[in-house]
Amino acid sequence: MEDQLTAGTGVRTRHAVVVGGSVAGLLVARVLADHAEQVTVVERDRFPDGAEPRPGVPQGRHIHVLLEGGQRALEELLPGLVGELGEQGAPRVGMPEDLVQWQNGRWFRRLPATSHLFTGSRPQLEALVRRRVLADPRIRTVEGTEVVGLLGDSRRVRGVLVRERGAGAAKEARRLEADLVVDASGRGTRAADWLAAVGAEAPHEETLDTGLAYATRVYKDTGGRIGRDHLGYYIMPNPRQVYGGVALPVEDGRVLVTLSGLRGSEPPTDEAGFEEFAGRLPHPVLRDWIAGAEPDSPVHGFRQTANIRRRYDRPGRRPAGFLAAGDALCSFNPVYGQGMAVAAIGAVALRRALSDPRRTPTTFRVQRALFDASRQAWDISSGSDKKMPGARGDGLRSKPGDKVAGWYLERALARYTGDPVVGAALRSVLTLSAPLGVLFAPKVVRAVLFTPQAATPLEPPLLREGG
Ligand SMILES: Cc1cc2nc3c(=O)[nH]c(=O)nc-3n(C[C@H](O)[C@H](O)[C@H](O)COP(=O)(O)OP(=O)(O)OC[C@H]3O[C@@H](n4cnc5c(N)ncnc54)[C@H](O)[C@@H]3O)c2cc1C
């Protein structure tokens, strides 16, 4: 069959290549190792020994929360990892209990937690995943090496062209043959060019861009204000309030502060400007915390935050044996904290698609499974971003039913901060640990449609409810 995932009927993949050795690439390699004789991860960086930031993952300096849906998927792929995160000091933060959190003009009640985030640094999580995945002798890495193209033609991929990083275009690219290639090279993937160069069609890129920019700085909590009665601050932007601010602890006791602003209201990356920007948040609580804390890094900015999904799920002249995963398939506005979770959920979907005894794993079918795994996160981030002022892109188009769903969701969001039933249901959906359907369970529908909005704190609730 032409679309068969790997060449050669009925045999295991002999050699699979994964492009990119970050969270998505490593987890894909973990899954493929059970279905291939050898997996090679090609990574343009050299991996650091431990939990260090690296140039290929510039977003790694910014806050990275691990949502509950991602924790479950990671645990399924790498049993014991979540426990290890805790043992290595990654803070576990209960929502809404542990956070001073503001959304849509209201402070959340500090009700008992129904969901937990891990807030350790991105380099720490990646290092723990890397150590476990690369311990598998079936997986090898080629580091300091960039994939620059595909081998094969528009019908079947036969490997990749690689070049040592920094070798320059003059040095001829090397061939690395494989019967399966997975692109996990992140949101900046060049796969569209690689596909065009072998005569295949690039997928349509659906985009929705609010122009949100991040600026992040590390602080020492010299006053010890985070960690006793609350573990962080979380202020989300909304269509009427374009600024965001989050402060969360990482594994070494320091605190990352990320400020954000939509297009035209981007946070500056100079030190004085950063502090001044914190004063634009709807309440001074985070600005005041910053004023009493000790800066421990420069300010780092980041601006590529568009939601982009590459529609490999739509038919097109594309080669068998080529898949896209992680951010290279679907990347999100990071303010919703979803990308790593979706990378893990996608890897679980890949495992299921490859192991399904009832269906031949064709390229299209497996790609579709990966795509479907990102659908809920896309609906959440694009659904919210559509309403933001200045949002651009073809993801803005509305679908039939959007109006009714939007009306219901508005009512649910109005109750999110104060109603325990609606709060638990929405939180489980937004943390990707339950499907959207839980919002339509009878008790949730009753609370959304018939219960008046509960009172919420008028000032930032620095203590737990009843505390
Ligand atoms: C500012 C910001 C904040 C974020 N916050 C969160 C958060 O709170 N929670 C969350 O879950 N997610 C968050 N994300 C998303 C998260 O960073 C990604 O979804 C996650 O890293 C998975 O990405 P990936 O592995 O697909 O790609 P990446 O992590 O971007 O990695 C791509 C890898 O491919 C390598 N590479 C690229 N091109 C080539 C090539 N040609 N050849 C070889 N190697 C190549 C790169 O060096 C890199 O190692 C955030 C993203 C941003 C931008």
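Per an unreviewed UniProt entry, the chain goes by the name FAD-binding domain-containing protein and belongs to Streptomyces purpureus.

(A) Structural view of the overall build of the chain. The helix and strand tally for the chain stands at 13 helices and 21 strands. In terms of C-alpha radius of gyration, the chain reaches 22 Å, essentially the compact-globule figure of 23 Å for 467 residues. Counting over 467 residues, the chain shows a buried share of 56%. For the chain, long-range pairs separated by at least 24 residues make up 74% of all intrachain contacts whose partners lie at least 6 apart in sequence. Taken as a whole, the chain presents about 19,500 Å² of accessible surface, with 51% of it coming from carbon and sulfur. Averaged over its 63 positive side-chain charges, the chain has a centre that lies 5 Å from the centre of its 54 negative ones.

(B) Quick look at the pairing of strand β15 (residues 243–249). For β15, the tally of buried residues reaches 7 of 7 residues, placing the bulk of the element in the interior. Bridge count for strand β14 (residues 232–235) against β15 is 3 bridges, and the pairing is antiparallel. Within β15, the residue paired with Tyr234 across the bridge is Val246. By the bridge criterion, 7 bridges tie β15 to strand β16 (residues 255–261) in an arrangement that is antiparallel. Looking at β16, one finds that Gly245 is bridged to Leu259. Once β15 ends, the chain turns through 5 residues before running back antiparallel as β16, passing Gly253 with a positive phi of about 90 degrees.

(C) Expanded view of empty space enclosed by the protein. Counted according to the given criterion, the structure contains 3 cavities of 30 Å³ or more. The space that makes up the largest cavity amounts to roughly 110 Å³. Lining the largest cavity are 16 residues, with Ala325, Gly326, Val342, Ala343 and Gly346 positioned closest to its centre. Looking at the lining of the largest cavity, the elements with two or more residues in it are α1 (23–32), α8 (339–355) and α9 (363–373). Here the element with the most residues in the lining of the largest cavity is α8; it accounts for 5 residues. Residue composition of the lining of the largest cavity, grouped by class: 11 nonpolar, 4 polar and 1 charged. When its volume is computed, the second largest cavity comes out at roughly 70 Å³. Lining the second largest cavity are Pro48, Gly50, Glu52, Pro53, Arg54, Val57, Gly60, Arg122, Pro123, Glu126, Ala127 and Arg130.

(D) Looking closely at unusual backbone geometry. A cis geometry characterises the amide bond from Met95 onward to Pro96, with omega recorded as 5 degrees. Considering the arrangement of structural elements, one finds Pro96 in the loop between β3 (92–95) and β4 (99–103). For Asn104, which is not glycine, the phi dihedral falls at a positive 50 degrees. Assignment of secondary structure puts Asn104 in the loop between β4 and β5 (106–107). According to the relative accessible area criterion, Asn104 is partly exposed, its value standing at 30%. A positive phi angle, close to 60 degrees, is found at Leu432, a residue other than glycine. Its location among the elements puts Leu432 in the loop between α12 (420–430) and α13 (442–450). On the accessibility criterion, Leu432 (13% relative accessible area) is buried.

(E) Here's a closer look at the sheet that holds strand β10 (residues 174–177). Here 3 strands make up an open sheet; going across it, the order is β8-β9-β10 and the pairing antiparallel. The open sheet has two free edges, formed respectively by β8 (145–152) and β10, since each of these has just one partner strand. Sheet twist, expressed as the mean angle between neighbouring strand axes with direction ignored, is 35 degrees. Where strand β9 (residues 157–164) and β10 come together, 4 bridges link them in antiparallel fashion. Pairing of Leu161 across the sheet is with Arg175, part of β10.

(F) View of the sheet that holds strand β1 (residues 13–19). If you trace the 5 strands from one edge of the open sheet to the other, you get β7-β2-β1-β11-β20, paired in parallel fashion. With one partner strand each, in any of the chains shown, β7 (139–142) and β20 (322–324) form the two edges of the open sheet. Geometrically, the sheet is characterised by an average inter-axis angle of 20 degrees between neighbouring strands, direction not taken into account. Sheet analysis places β1 next to strand β11 (residues 180–183), joined by 4 bridges and oriented parallel. Paired with Val19 across the strands is Asp183, a residue of β11.

Parameters and conventions
- Within each chain, residue numbers correspond to sequence positions counted from 1 in written order.
- The predicted nature of this model means local features are confined to residues of pLDDT at least 70 and side-chain atom pairs, given and counted, to a pLDDT of 80 or more, with totals for whole chains, interfaces and linings taken over all residues.
- Hydrogen atoms and water are omitted, and side-chain values are computed over all heavy atoms in the structure.
- Numbering of helices and strands runs from the N terminus; a helix is a DSSP stretch of H or I covering at least four residues, while a strand is a stretch of E covering at least two.
- Two things to know: the radius of gyration comes from C-alpha atoms, and the globule rule equals 2.2 Å times the number of residues to the power 0.38.
- Each residue is placed in one exposure class: buried if its accessible area under a 1.4 Å probe, protein chains only, is under 20% of its type's maximum, exposed if it is over 50%, and partly exposed if it falls in between.
- Should any heavy atoms of two residues lie within 4.5 Å, those residues are considered in contact.
- Here the accessible surface of atoms and residues is derived via Shrake-Rupley with a 1.4 Å probe, and residues count as covered only by protein chains that are part of the display.
- Asp and Glu count as negative and Lys and Arg as positive, but His and the ends of the chain are not part of the count.
- Where a charge sits is defined by one atom per residue type, namely NZ (Lys), CZ (Arg), CG (Asp) or CD (Glu).
- Pairing between strands requires that DSSP locate at least two bridges from one strand to the other.
- Cavities and pockets are defined on a 1 Å grid built over the protein atoms alone: a cavity is a set of grid points where a 1.4 Å probe fits but cannot escape, while a pocket is an open set with protein on both sides within 12 Å along at least five of seven lines, and lining residues are those with an atom within 4 Å of any such point.
- Grid points are joined across faces, edges and corners, and a volume is the space filled by probe spheres set on the points.
- Only Asp, Glu, Lys and Arg are considered charged, only Ala, Val, Leu, Ile, Met, Phe, Trp, Tyr, Cys and Pro nonpolar, and every remaining residue, Gly among them, polar.
- Note on geometry: axes are lines fitted to C-alpha atoms, helical ones only across the stretch in contact, with angles between N-to-C directions running from 0 to 180 degrees.

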